[in-house]
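Coordinate inspection notes
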Amino acid sequence: MGKYDEIFQRSIQDPAAFWGEAAGAIDWYKKWDKVLDDSKKPFYRWFTGGELNTCYNALDRHVEKGRADQVALIYDSPVTNTIQKYTYAELLDLVAHFAGGLKGLGVGKGDTVIIYMPMIPQAAIAMLACARLGAVHSVVFGGFAPHELAIRIDDARPKVIITASGAIEGPRIIEYKPMLDKAVELAKHKPAKCIIYQRRFVKSALFRDRDVDWEKLVEKSRPAECVPVQATDPLYILYTSGTTGIPKGIVRDNGGHAVALRWSLENIYDTKPGEVYWAASDVGWVVGHSYIVYGPLLTGCTTVLYEGKPVGTPNPGSFWRVISQHGVKTLFTAPTAFRAIKREDPLGEHVKKYDLSKFRYLFLAGERLDPDTYHWAHKLLDKPVIDHWWQTETGWPITANCVGIESFPIKPGSSTKPVPGFNVQILDTGGTSLGPKQEGLVAVKLPLPPGTLPTLWKADDRFIQSYMSMFDGYYFTADGGYRDEDGYLYIMGRVDDVINVAGHRLSTGEMEEIIATHPDVAECAVIGVGDSLKGQLPVGFAVLKSGVKKEAEEVRSELSKLIRNEIGPIACYKETAVVARLPKTRSGKILRGTMRKIADGEEFKVPSTIDDPAILSEIEEALKGIGYARKDKDYLVL
Ligand code: COA
Ligand code: AMP
């Protein structure tokens, strides 16, 4: 038996012994009573009775144990022309003072705090400061519009919201403060205070009674000590798209999270204390939580926080520049970032300018890694290019090539094998296990390992209904896929109304709900269509109310603006086909799968349940009118 097999078997056969041992890498104020509490299935809890503080584990203990002068965080911001390094001692000082400021505003254990910030160190400082106080943070990605922020404010009910005056996106300055103000106006819940970090290039006017300037708050504050919390207490809530307009508040606990992430850095990513790890993502996404902030810092690594894009800041050589300048060993990003680089520098001329000798691994996730991008990246870099699959819900990878344990040969299109702790099964709709090469629904046998979601924020019922009720005793991932005869997994895509646009998870169901509010729209559908850069893009179909006489172009522009205003620019919603009717089954279900195939120019069978087959050619014509459903189009081949 190989090393991976031996470790994997141990993790499944005796999870309590396995994770109990891994928990030795974390410092506890009080040891747990039970590693795995399964008394309220399917609500499993890890390390019950244990007490710790996540910020202490990420900062203080490294300072106490000899890493005070090691760089903890490198802020690399090509958009503001800044590179700033913070040692562990410096970062701790900043976090403790900011935590003191929060405490002065009344934030304590169990309170919620929303963080709506661009990619600046203050975002990480704010997260760690909340963790220090035992407060629960909820980071909202900056590309979301006020309406989305308002939904999260009403669900998380924060005492304080932290934001910055703005960010730079391409040639534009985006002001965050007016978006915050609008969101607070829209929300029913009102935060007691808002803290604003003023950036050099854009200043916000503050409301005297509500707003507090970050720098002024910190100037007056005294450093706050770490507050011990229960292992099972929430560290954060991260909202993610579900199938409706109400996002799911994924809860992360303190104890299981710290144990799992600390374990993952060495065992999955082969990255050890003192080494440089870079997740080129955003703190607003789960990758940013786990692998810009918590994972590398819990491990005593140096993390890179990059405020830029793979291209255009200033050119497609930016990633190679950062890797070489900061001695990055492990880079984690989304395949779309590599497709963007490939598009602008297909021959990889920029790589030749940099010394990448310290660079060992490229990890990709967030969407399926298409084989073309895999081959391009592998040929260009001559390093292992590792596809790994995970979800906001799990917080860390479900399948990967765990190079810290044992390297497996890479099979393009596969994210390799289940990570220890994840008992992954392919099931048919009736819950029967399928054999090799049989495509089905991907589920994970319970219990899930530590660090995964214990529940949804104040929504236990929705947790059960979304994840636990499809198959008894399993977590349902909502992804489809199969396993080959060597046990490699192939994740083929979502089986629900969730799409992935440039590695960002979005709900077509939510887009439909918003389009349906347009006064001229009688009926609509939104699907995800393959895109050679962003993986998928949303495309809508609108049936107009009778009597409405509007040019298709006008409808497209109005719906695009509507989605941009309600969800935000990252929805990338641009195309709508105006049609006379939608294809449906005889029982009235919209045939979104068939529409997607037509849009992607794929072969499709006319479903036997269709109400009127003639409608499919109308859909094809409408899609051709907006540039889809064409055999010669450059779709992404998965
Ligand atoms: N705040 C405000 N607006 C934002 C934003 C933010 N934090 N992030 C993105 N946007 C805006 C963009 O400016 C763009 O607006 P536009 O329509 O006015 O041009 C829109 O949202 C779409 O953004 P994006 O999809 O990122 O497109 P892009 O053309 O700017 O960049 C890529 C394309 C591929 C380079 C970029 O999407 C990328 O780097 N993706 C990697 C994603 C990633 O790291 N995912 C995390 C999982 S690992
Ligand atoms: P998110 O919650 O934003 O991380 O998105 C999770 C979804 O992204 C998963 O359910 C998958 O559909 C998709 N995904 C993430 N990583 C991969 C991968 N490596 N291969 C295929 N799909 C992926």
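Residues numbered from 1 in each chain as written. Chains lettered and ligands numbered in written order. Predicted model: local features only at pLDDT ≥ 70, side-chain atom pairs only at ≥ 80, totals over all residues. Heavy atoms only, no water.

1. Examining the overall build of the protein
Of regular secondary structure, the protein possesses 18 helices and 31 strands. Taken over the C-alpha trace, the protein has a radius of gyration of 24 Å; the compact-globule value for 638 residues is 26 Å, and the two agree within 12%. Principal-axis analysis of the C-alpha atoms gives the protein an extent of 70 × 65 × 55 Å. Taking all 638 residues of the protein together, 63% fall into the buried category. Sequence separation of 24 or more characterises 70% of the internal contacts of the protein that already satisfy a separation of 6 or more. When the accessible area of the protein is evaluated, it comes to approximately 24,400 Å², of which 50% is carbon and sulfur surface. Across the protein, the centroid of the 78 positively charged side chains sits 2 Å from that of the 80 negatively charged ones. (Helix = DSSP H or I, 4+ residues; strand = E, 2+ residues; numbered from the N terminus. Rg over C-alpha atoms; globule rule 2.2 N^0.38 Å. Buried < 20%, exposed > 50% of the residue type's maximum accessible area, 1.4 Å probe, protein only. Contact = heavy atoms within 4.5 Å. Areas by Shrake-Rupley, 256 points an atom, 1.4 Å probe, with all protein chains shown as cover. Lys, Arg positive; Asp, Glu negative; His and termini not counted. Charge placed at Lys NZ, Arg CZ, Asp CG, Glu CD.)

2. What to know about the sheet that holds strand S4 (residues 71-77)
Strand pairing in a sheet is mediated by backbone hydrogen bonds. Such pairs are either parallel or antiparallel. The strand order across the open sheet built from seven strands is S5-S4-S17-S16-S18-S19-S20, with neighbouring strands paired in mixed fashion. The open sheet terminates on both sides in strands that have one partner only, identified here as strand S5 (82-87) and strand S20 (385-387). Direction aside, the axes of adjacent strands within the sheet are offset by 20° on average. Lying on the sheet, helix H10 (residues 286-299) is in contact with S4, strand S16 (276-279), strand S17 (302-306) and strand S18 (330-333); it crosses S17 at an angle near 150°. Along the sheet face, helix H11 (residues 318-326) touches S4, S5, S16, S17 and S18 and points at about 150° away from the line of S17. (Pairing = 2+ DSSP bridges. Axes fitted to C-alpha atoms, helices over the stretch in contact; angles between N-to-C directions.)

3. Some thoughts on the site of ligand 1
Residues in contact with ligand 1 amount to 23 residues; listed here are only the nearest, Glu169, Arg172, Lys309, Lys534 and Arg564. In isolation ligand 1 offers 940 Å² of accessible surface; the protein chains occlude 83% of this area. Residues belonging to the shell around ligand 1 are distributed by class as follows: twelve nonpolar, six polar and five charged. Residues lining the shell around ligand 1 come from more than one domain, with at least three contributed by each of domain 1 (3-308 + 388-481) and domain 2 (502-637). (Near = heavy atom within 4 Å. Nonpolar A, V, L, I, M, F, W, Y, C, P; charged D, E, K, R; others polar. Domains from an automatic or database assignment.)

4. Remarks on the site of ligand 2
Around ligand 2, 14 residues are found, and the nearest of them are Asp387, His388, Thr392, Asp479 and Arg505. Within the side chain of Gln391, a nitrogen or oxygen atom sits 3.0 Å from an oxygen atom of ligand 2. A distance of 2.7 Å separates an oxygen atom of ligand 2 from a polar side-chain atom of Arg505. Protein burial of ligand 2: of its 490 Å² of free accessible surface, 94% is covered by the chains. Within the shell around ligand 2, the residues separate by chemical class into three nonpolar, five polar and six charged. (Polar contact = N/O pair within 3.5 Å; in protein donor to acceptor, adjacent residues only side chain to side chain.)

5. Looking at unusual backbone geometry
Cis geometry is found at the peptide bond from Thr313 to Pro314, where omega equals 0°. Among the secondary structure elements, Pro314 is positioned in the loop between S17 and H11. Residues Leu446 and Pro447 are joined by a peptide bond in cis, for which omega reads 5°. At Thr416, a residue that is not glycine, the phi angle is positive and equals roughly 65°. Mapping Thr416 onto the fold places it in the loop between strand S21 (399-400) and strand S22 (417-418).

6. Here's the deal with the domain arrangement of the protein
Domain annotation for the protein reports domain 1 (3-308 + 388-481) and domain 2 (502-637). Each of domain 1 and domain 2 was reduced to a C-alpha centroid, and the two centroids are 34 Å apart. Facing the 17 residues of domain 1 at the interface are 14 residues of domain 2. Counting the surface lost from both domain 1 and domain 2, the interface buries some 1,200 Å², and carbon and sulfur atoms represent 45% of this. (Buried area = accessible area lost by both parts, 1.4 Å probe.)

7. Points about the packing of aromatic side chains
The final tally for this structure, using the stated rule, is 39 aromatic pairs. Between Phe144 and Trp285, the aromatic rings sit 6.0 Å apart at their centres with planes inclined by 65°, giving edge-to-face as the arrangement. Of this pair, Phe144 sits in the loop between strand S7 (136-139) and helix H6 (146-156) while Trp285 sits in the loop between S16 and H10, placing them 141 residues apart in sequence. Under the relative-accessibility criterion, Phe144 is labelled buried at 5%. Consider the rings of Phe338 and Trp376, whose centres lie 6.5 Å apart with planes at 70°: the pair is edge-to-face. Of this pair, Phe338 sits in helix H12 (residues 335-344) while Trp376 sits in helix H13 (residues 371-381), and the two are 38 residues apart along the sequence. With a relative accessible area of 0%, Phe338 lands in the buried category. The buried category is assigned to Trp376, whose relative accessible area is 13%. Aromatic rings pair up to connect Tyr269, Tyr277, Tyr291, Phe332, Tyr361, Phe363 and Trp390 into one cluster. Over the face of the ring belonging to Phe144 we find Arg152, whose NZ or CZ atom lies 4.5 Å from the ring centre. (Phe/Tyr/Trp six-rings, centres within 6.5 Å; stacked < 30°, edge-to-face > 60°. Lys NZ or Arg CZ within 6 Å of the ring centre and 35° of its normal.)

8. Section: the sheet that holds strand S23 (residues 423-427)
Judged by pairing direction, the sheet is antiparallel, and its four strands sit side by side in the order S23-S24-S25-S26 without closing on themselves. Unpaired on one side and paired on the other, S23 and strand S26 (489-494) mark the two borders of the sheet. The average angle at which neighbouring strand axes cross in this sheet is 50°, direction not considered. Both strand S24 (residues 440-445) and strand S25 (residues 474-483) contribute to a ladder of five bridges, which runs antiparallel. Bridge pairing in S25 links Lys445 to Tyr474.

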